[in-house]
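Next come the chains, spelled out residue by residue.
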Amino acid sequence: MVAAKSALRARLLADRRAVPPQERAAEAAALAGHLEALAGEGDTVCAYVPVGSEPGSPAMLAALARRGVRVLVPVVRTQDDGTPLALWWGRYQPDSLTSARFGLREPPAPWLPPETLAEADVIVVPAVAVDRRGMRLGRGAGFYDRSLAFRRPQISLVAVVRDAELLDTVPAQPHDVPMTHALTPGLGLVPLG
(Lines give C-alpha, C1' and ligand atoms only; values in the text may rest on other atoms or scores of the structure.)
Protein backbone atom coordinates (compact mmCIF):
# COMPACT_ATOMS: atom_id res chain seq x y z
CA MET A 1 0.00 0.00 0.00
CA VAL A 2 2.77 2.46 0.92
CA ALA A 3 4.65 1.65 -2.29
CA ALA A 4 1.51 2.17 -4.37
CA LYS A 5 0.92 5.55 -2.71
CA SER A 6 4.52 6.59 -3.27
CA ALA A 7 4.47 5.63 -6.95
CA LEU A 8 1.18 7.44 -7.62
CA ARG A 9 2.38 10.50 -5.67
CA ALA A 10 5.64 10.65 -7.67
CA ARG A 11 3.81 10.42 -11.00
CA LEU A 12 1.23 13.06 -10.14
CA LEU A 13 3.81 15.47 -8.73
CA ALA A 14 5.87 15.12 -11.92
CA ASP A 15 2.74 15.87 -13.94
CA ARG A 16 2.14 19.00 -11.84
CA ARG A 17 5.65 20.27 -12.38
CA ALA A 18 5.11 19.96 -16.14
CA VAL A 19 2.10 22.31 -16.17
CA PRO A 20 2.96 25.53 -18.04
CA PRO A 21 2.91 28.73 -15.91
CA GLN A 22 0.02 30.25 -17.90
CA GLU A 23 -2.15 27.19 -17.31
CA ARG A 24 -1.21 27.15 -13.62
CA ALA A 25 -2.20 30.82 -13.31
CA ALA A 26 -5.55 30.25 -15.05
CA GLU A 27 -6.30 27.30 -12.76
CA ALA A 28 -5.35 29.36 -9.69
CA ALA A 29 -7.75 32.12 -10.73
CA ALA A 30 -10.56 29.59 -11.21
CA LEU A 31 -9.88 28.01 -7.82
CA ALA A 32 -9.95 31.44 -6.13
CA GLY A 33 -13.40 32.09 -7.60
CA HIS A 34 -14.73 28.71 -6.48
CA LEU A 35 -13.25 29.04 -2.99
CA GLU A 36 -14.83 32.45 -2.43
CA ALA A 37 -18.28 30.84 -2.72
CA LEU A 38 -17.55 28.43 0.15
CA ALA A 39 -17.44 30.92 3.01
CA GLY A 40 -19.09 34.13 4.05
CA GLU A 41 -18.28 37.08 6.25
CA GLY A 42 -17.56 36.01 9.82
CA ASP A 43 -16.78 32.40 8.90
CA THR A 44 -13.51 30.74 9.81
CA VAL A 45 -11.68 28.88 7.06
CA CYS A 46 -8.63 26.79 7.84
CA ALA A 47 -6.71 26.61 4.59
CA TYR A 48 -3.12 26.45 3.41
CA VAL A 49 -0.75 28.64 1.42
CA PRO A 50 -0.06 26.91 -1.92
CA VAL A 51 3.64 26.61 -2.73
CA GLY A 52 5.55 25.29 -5.70
CA SER A 53 3.32 23.42 -8.11
CA GLU A 54 0.38 23.06 -5.70
CA PRO A 55 -2.94 24.15 -7.23
CA GLY A 56 -4.08 27.61 -6.26
CA SER A 57 -2.26 30.69 -5.05
CA PRO A 58 -2.14 32.95 -2.02
CA ALA A 59 -4.58 35.21 -3.91
CA MET A 60 -7.39 32.77 -3.14
CA LEU A 61 -6.76 33.29 0.59
CA ALA A 62 -6.46 37.05 0.22
CA ALA A 63 -9.84 37.14 -1.55
CA LEU A 64 -11.45 35.37 1.40
CA ALA A 65 -9.79 37.68 3.92
CA ARG A 66 -10.98 40.77 2.03
CA ARG A 67 -14.56 39.48 2.39
CA GLY A 68 -14.29 39.35 6.18
CA VAL A 69 -13.52 35.63 6.44
CA ARG A 70 -11.13 34.66 9.23
CA VAL A 71 -8.48 32.68 7.35
CA LEU A 72 -6.15 30.47 9.38
CA VAL A 73 -3.16 28.72 7.83
CA PRO A 74 -1.03 25.91 9.24
CA VAL A 75 2.20 26.07 11.15
CA VAL A 76 4.17 22.83 10.82
CA ARG A 77 5.99 21.44 13.85
CA THR A 78 7.70 18.13 14.54
CA GLN A 79 9.06 16.32 17.54
CA ASP A 80 12.83 16.41 18.05
CA ASP A 81 13.15 13.14 16.09
CA GLY A 82 11.26 14.59 13.09
CA THR A 83 7.91 12.91 13.81
CA PRO A 84 5.09 15.17 12.55
CA LEU A 85 2.82 16.80 15.11
CA ALA A 86 -0.72 18.09 14.65
CA LEU A 87 -0.73 21.46 12.90
CA TRP A 88 -0.80 24.74 14.77
CA TRP A 89 -2.63 27.67 13.14
CA GLY A 90 -1.98 31.36 12.51
CA ARG A 91 -4.02 34.16 11.03
CA TYR A 92 -3.38 34.67 7.33
CA GLN A 93 -1.86 38.08 6.62
CA PRO A 94 -0.50 38.21 3.06
CA ASP A 95 2.46 40.49 3.70
CA SER A 96 3.68 38.80 6.85
CA LEU A 97 4.25 35.19 5.77
CA THR A 98 7.72 33.83 6.37
CA SER A 99 9.69 30.98 4.84
CA ALA A 100 9.45 27.78 6.83
CA ARG A 101 10.48 24.13 6.76
CA PHE A 102 9.58 21.97 3.76
CA GLY A 103 9.44 25.07 1.53
CA LEU A 104 6.24 26.28 3.20
CA ARG A 105 5.09 29.83 3.96
CA GLU A 106 3.80 30.38 7.49
CA PRO A 107 2.30 33.22 9.51
CA PRO A 108 4.30 34.78 12.32
CA ALA A 109 3.49 34.07 15.98
CA PRO A 110 1.25 34.15 17.92
CA TRP A 111 -0.02 30.75 16.89
CA LEU A 112 -3.15 28.92 17.91
CA PRO A 113 -3.10 25.30 19.14
CA PRO A 114 -4.24 22.32 17.06
CA GLU A 115 -7.63 22.34 18.81
CA THR A 116 -8.39 25.61 16.99
CA LEU A 117 -9.39 23.48 14.01
CA ALA A 118 -12.72 22.93 15.82
CA GLU A 119 -13.57 26.60 15.12
CA ALA A 120 -13.43 26.12 11.35
CA ASP A 121 -16.57 26.37 9.25
CA VAL A 122 -14.67 24.94 6.25
CA ILE A 123 -11.30 23.17 6.10
CA VAL A 124 -9.37 23.42 2.83
CA VAL A 125 -6.75 20.67 2.58
CA PRO A 126 -3.84 20.35 0.17
CA ALA A 127 -3.82 17.11 -1.79
CA VAL A 128 -1.85 15.41 -4.52
CA ALA A 129 -5.03 13.55 -5.52
CA VAL A 130 -8.43 12.62 -4.15
CA ASP A 131 -10.81 9.90 -5.24
CA ARG A 132 -14.57 9.84 -5.59
CA ARG A 133 -14.88 8.08 -2.21
CA GLY A 134 -13.10 11.00 -0.55
CA MET A 135 -9.78 9.25 0.00
CA ARG A 136 -6.99 11.83 -0.18
CA LEU A 137 -3.42 11.30 -1.26
CA GLY A 138 -1.23 13.87 0.48
CA ARG A 139 2.51 14.36 0.61
CA GLY A 140 2.90 11.41 2.95
CA ALA A 141 4.09 13.03 6.19
CA GLY A 142 0.76 12.72 8.03
CA PHE A 143 0.39 16.29 9.37
CA TYR A 144 -3.23 16.55 8.23
CA ASP A 145 -4.17 13.01 9.30
CA ARG A 146 -3.02 13.96 12.82
CA SER A 147 -4.77 17.32 12.73
CA LEU A 148 -8.19 16.51 11.32
CA ALA A 149 -9.17 14.68 14.50
CA PHE A 150 -9.72 18.14 16.04
CA ARG A 151 -12.43 19.19 13.56
CA ARG A 152 -16.15 19.18 14.20
CA PRO A 153 -17.60 16.10 12.45
CA GLN A 154 -20.09 17.92 10.21
CA ILE A 155 -17.55 20.36 8.75
CA SER A 156 -16.69 20.23 5.05
CA LEU A 157 -13.22 18.89 4.27
CA VAL A 158 -12.28 20.22 0.84
CA ALA A 159 -9.29 18.75 -1.02
CA VAL A 160 -7.87 21.13 -3.64
CA VAL A 161 -6.61 19.34 -6.76
CA ARG A 162 -6.26 19.83 -10.49
CA ASP A 163 -9.07 18.31 -12.59
CA ALA A 164 -6.87 15.36 -13.61
CA GLU A 165 -6.12 14.63 -9.92
CA LEU A 166 -9.74 13.74 -9.11
CA LEU A 167 -9.41 9.98 -9.59
CA ASP A 168 -11.71 6.99 -9.39
CA THR A 169 -9.59 5.48 -6.64
CA VAL A 170 -6.42 6.15 -4.68
CA PRO A 171 -4.70 3.72 -2.30
CA ALA A 172 -6.01 4.25 1.23
CA GLN A 173 -5.06 3.16 4.72
CA PRO A 174 -7.25 2.92 7.84
CA HIS A 175 -5.87 6.16 9.33
CA ASP A 176 -6.72 8.23 6.22
CA VAL A 177 -9.45 10.80 6.87
CA PRO A 178 -11.95 11.00 3.99
CA MET A 179 -12.66 14.35 2.38
CA THR A 180 -16.25 15.50 1.84
CA HIS A 181 -15.49 17.50 -1.32
CA ALA A 182 -12.92 18.13 -4.01
CA LEU A 183 -12.32 21.60 -5.41
CA THR A 184 -10.95 21.67 -8.95
CA PRO A 185 -10.43 24.52 -11.41
CA GLY A 186 -12.76 23.14 -14.07
CA LEU A 187 -15.36 21.28 -12.02
CA GLY A 188 -15.63 23.58 -9.01
CA LEU A 189 -16.89 21.97 -5.81
CA VAL A 190 -17.48 18.24 -6.23
CA PRO A 191 -19.22 16.22 -3.46
CA LEU A 192 -17.39 13.00 -2.57
CA GLY A 193 -18.22 9.81 -0.74
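Scroll up a little and you will see the structure.
Since the structure is predicted, the reported quantities are computational estimates derived from the model, not experimental observations.

K.L.:
Any chance you could break down the sheet that holds strand β7 (residues 129–131) for me, citing the residues and the numbers?
P.N.:
Pairing between sheet strands relies on hydrogen bonds along the backbone, with the strands arranged either parallel or antiparallel. Strand order in the open sheet formed by three strands is β8-β7-β10, with mixed pairing between adjacent strands. Each edge of the open sheet is held by one strand with a lone partner, namely β8 (136–137) and β10 (166–167). The pairing of β7 with β8 spans two bridges and is classified as antiparallel. The partner of Ala129 across the bridge, within β8, is Leu137.

K.L.:
Describe the pairing of strand β11 (residues 181–184), listing the residues and the values that go with them.
P.N.:
Taking every second residue as pointing to the same face, both faces of β11 are buried, with His181 and Leu183 on one and Ala182 and Thr184 on the other. Strand direction decides the pairing type here: β11 and strand β12 (residues 188–191), joined by four bridges, are antiparallel. Each residue of the ladder has a partner; that of His181, found in β12, is Pro191. What sits between the antiparallel neighbours β11 and β12 is a turn of three residues.

K.L.:
An account of the pattern of salt bridges is requested, with residue identities and associated values reported.
P.N.:
For the structure on display, the rule yields ten salt bridges. Of the charged contacts in the structure, one is a salt bridge between Glu27 and Arg162, with a shortest N-O distance of 2.8 Å. You can see Glu27 sitting in helix α2 (residues 21–36) and its partner Arg162 sitting in the loop between β9 (156–160) and β10, a full 135 residues away along the chain. For the pair shown, Glu27 and Arg162 are each scored as buried.

K.L.:
Outline the environment of Leu87, supporting the account with residue identities and numerical values.
P.N.:
Among the structural elements, Leu87 can be located in the loop between β2 (70–75) and β3 (88–91). The class for Leu87 is buried, based on a relative accessible area of 1%. With 78 residues separating them in the primary sequence, Leu87 and Arg9 have C-alpha atoms 22 Å apart. With sequence-adjacent residues up to four places away left out, Leu87 is seen in contact with Pro74, Val75, Val76, Pro114, Phe143, Tyr144 and Ser147.

K.L.:
A description of helix α3 (residues 58–66) should follow, citing residues and the corresponding values.
P.N.:
For an α-helix, the turn length of 3.6 residues means that residues three or four places apart are oriented alike. Within α3, the full set of buried residues consists of Met60, Leu61, Ala62, Ala63 and Leu64. Among the structural elements, α2, β1 (44–46) and β2 are those in contact with the buried residues of α3.

K.L.:
Help me get a handle on the side chain of Arg136, residues and values and all.
P.N.:
Turning to its location among the elements, Arg136 is positioned in strand β8. Buried and unpaired, Arg136 has no salt bridge, with Asp145 as the nearest side chain of opposite charge at 4.4 Å. Within the structure, Arg136 has its side chain in polar contact with the backbone oxygen of Pro126 (distance 2.7 Å). For Arg136, the contacting residues outside a window of four places in its chain are Val125, Pro126, Ala127, Ala129, Val130, Tyr144, Asp145, Val170 and Met179.

Cut-off values and rules
Residues numbered from 1 in each chain as written. Predicted model: local features only at pLDDT ≥ 70, side-chain atom pairs only at ≥ 80, totals over all residues. Heavy atoms only, no water. Pairing = 2+ DSSP bridges. Helix = DSSP H or I, 4+ residues; strand = E, 2+ residues; numbered from the N terminus. Buried < 20%, exposed > 50% of the residue type's maximum accessible area, 1.4 Å probe, protein only. Salt bridge = Lys/Arg side-chain N within 4 Å of Asp/Glu carboxyl O. Contact = heavy atoms within 4.5 Å. Lys, Arg positive; Asp, Glu negative; His and termini not counted. Polar contact = N/O pair within 3.5 Å; in protein donor to acceptor, adjacent residues only side chain to side chain.

Keep in mind these values describe shape, not function.
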